[in-house]
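Coordinate inspection notes
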Amino acid sequence: WEIGTLKRWPGLSILANLQSLGFIPSDFELTIRKGSDLCVFLGNIGFALILVAMLYPVRKALPKFFKKLGKKPRWLDFHNFCGYMGTLLISFHTGFDFMLSGSTIGYFALILVALSGFLGRFLYQMIPRGVAGTELQMRDIENEDNMISEKLDVIFSHSKSQREKVQEA
């Protein structure tokens, strides 16, 4: 929104209005161009978010120290949020100017890490969980399967055709 309004309709831009009211210095450059004040500022915020995202591995390494500060799934969500937002803000930091250099290679490495985070989050959702939200072990899944099978045997003990339909399904 801000980028579009800064270029086309500055009157609708929150940043331009804040600058006209004096909350942002008048010499602060509000353009998306490599090296502009806005791009550097967004890059600094993005870098800080990436650093905050790195608290998740520390939390996993020291679970007793961080135990009172939330459960793992919340930490993972916070880690993902900071990582994705940091990557997005760092994308604006580049000014979308991708000359072939070491920093560009580092940027695309960051993009690959963010994409692997999307994949990891998807795979994390695929882990079977119990009612309490804890990860189930394979033996827990097998025990639950046996209990459900026993219940179905009792329910369908008088109806062979219904049992065959369930087995087919």
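Residues numbered from 1 in each chain as written. Predicted model: local features only at pLDDT ≥ 70, side-chain atom pairs only at ≥ 80, totals over all residues. Heavy atoms only, no water.

**Things to note about the overall build of the chain**
When you go through the chain residue by residue, the secondary structure sums to nine helices and zero strands. Mapped from its N terminus to its C terminus, the chain presents α and β elements in the order α-α-α-α-α-α-α-α-α. The principal-axis extents of the C-alpha atoms in the chain amount to approximately 85 × 40 × 35 Å. In the chain, which comprises 169 residues, the proportion classed as buried is 23%. Long-range pairs, those at least 24 residues apart, make up 42% of the contacts in the chain between residues at least 6 apart in sequence. Approximately 12700 Å² of the chain is accessible, and the part contributed by carbon and sulfur atoms is 66%. (Helix = DSSP H or I, 4+ residues; strand = E, 2+ residues; numbered from the N terminus. Buried < 20%, exposed > 50% of the residue type's maximum accessible area, 1.4 Å probe, protein only. Contact = heavy atoms within 4.5 Å. Areas by Shrake-Rupley, 256 points an atom, 1.4 Å probe, with all protein chains shown as cover.)

**Focus: the nonpolar core**
Formed by L6, A16, L30, I32, L38, C39, L42, L49, A53, C82 and L89, the largest nonpolar core amounts to 11 residues. Elements supplying a minimum of two residues to this core: α3 (37–53) and α6 (72–93). Looking at which element gives the most residues to this core, the answer is α3, with five residues. Y56, F66, W75 and Y124 belong to the second largest nonpolar core, which has five residues in total. (Core = buried A, V, L, I, M, F, W, Y, C linked by side-chain atoms within 4.5 Å.)

**Quick word on the packing of aromatic side chains**
Under the counting rule described, the total for this entry stands at three aromatic pairs. Considering the side-chain rings of Y84 and F118, the 4.3 Å spacing of their centres and the 5 degrees angle between planes classify their relative orientation as stacked. Residue Y84 is found in helix α6, and its partner F118 is found in helix α7 (residues 102–125); the two are separated by 34 residues along the sequence. Overall, the relative accessible area of 23% leaves Y84 in the partly exposed class. Centre to centre, the rings of Y107 and F108 are 5.2 Å apart; their planes meet at 70 degrees, and the pair counts as edge-to-face. Classification of Y107 as buried rests on a relative accessible area of 10%. Look at F108 and you get partly exposed, because its relative accessible area is 41%. (Phe/Tyr/Trp six-rings, centres within 6.5 Å; stacked < 30°, edge-to-face > 60°.)

**A short note on the environment of F28**
Considering the arrangement of structural elements, one finds F28 in the loop between α2 (14–20) and α3. Considered as a pair, F28 and G106 are 78 residues apart in the sequence and their alpha carbons are 27 Å apart. Sequence-distant contacts of F28, that is, excluding residues within four places in its chain, are made with Q19, D37, L38 and F41.

**As for the packing of α3 against α6**
For the pair α3 and α6, the least separation of the axes is 7 Å and the interaxial angle reads 155 degrees. When the axes of α3 and α6 are compared, the pair comes out roughly antiparallel. For α3 against α6, the interelement crossing comes out left-handed. The segment α3 lies against α6, with C39, V40, L42, G43, I45, G46, F47, L49, I50, V52 and A53 engaging F78, H79, C82, G83, M85, G86, T87, L89, I90, F92 and H93. For the contact of α3 with α6, the per-class residue count stands at 15 nonpolar, seven polar and no charged. (Axes fitted to C-alpha atoms, helices over the stretch in contact; angles between N-to-C directions. Parallel < 35°, antiparallel > 145°, perpendicular 65-115°, else oblique. Left-handed = near helix turned anticlockwise from the far one by under 90°. Nonpolar A, V, L, I, M, F, W, Y, C, P; charged D, E, K, R; others polar.)

**Some thoughts on the confidence of the model for the chain**
Low pLDDT marks stretches whose predicted atomic positions should not be read closely. Here the chain averages 82 in pLDDT, and 94% of its residues register 70 or above. Averaged over each element, pLDDT in the chain is lowest for helix α9 (residues 160–168) (77) and highest for α3 (91). (pLDDT = per-residue confidence, 0-100.)

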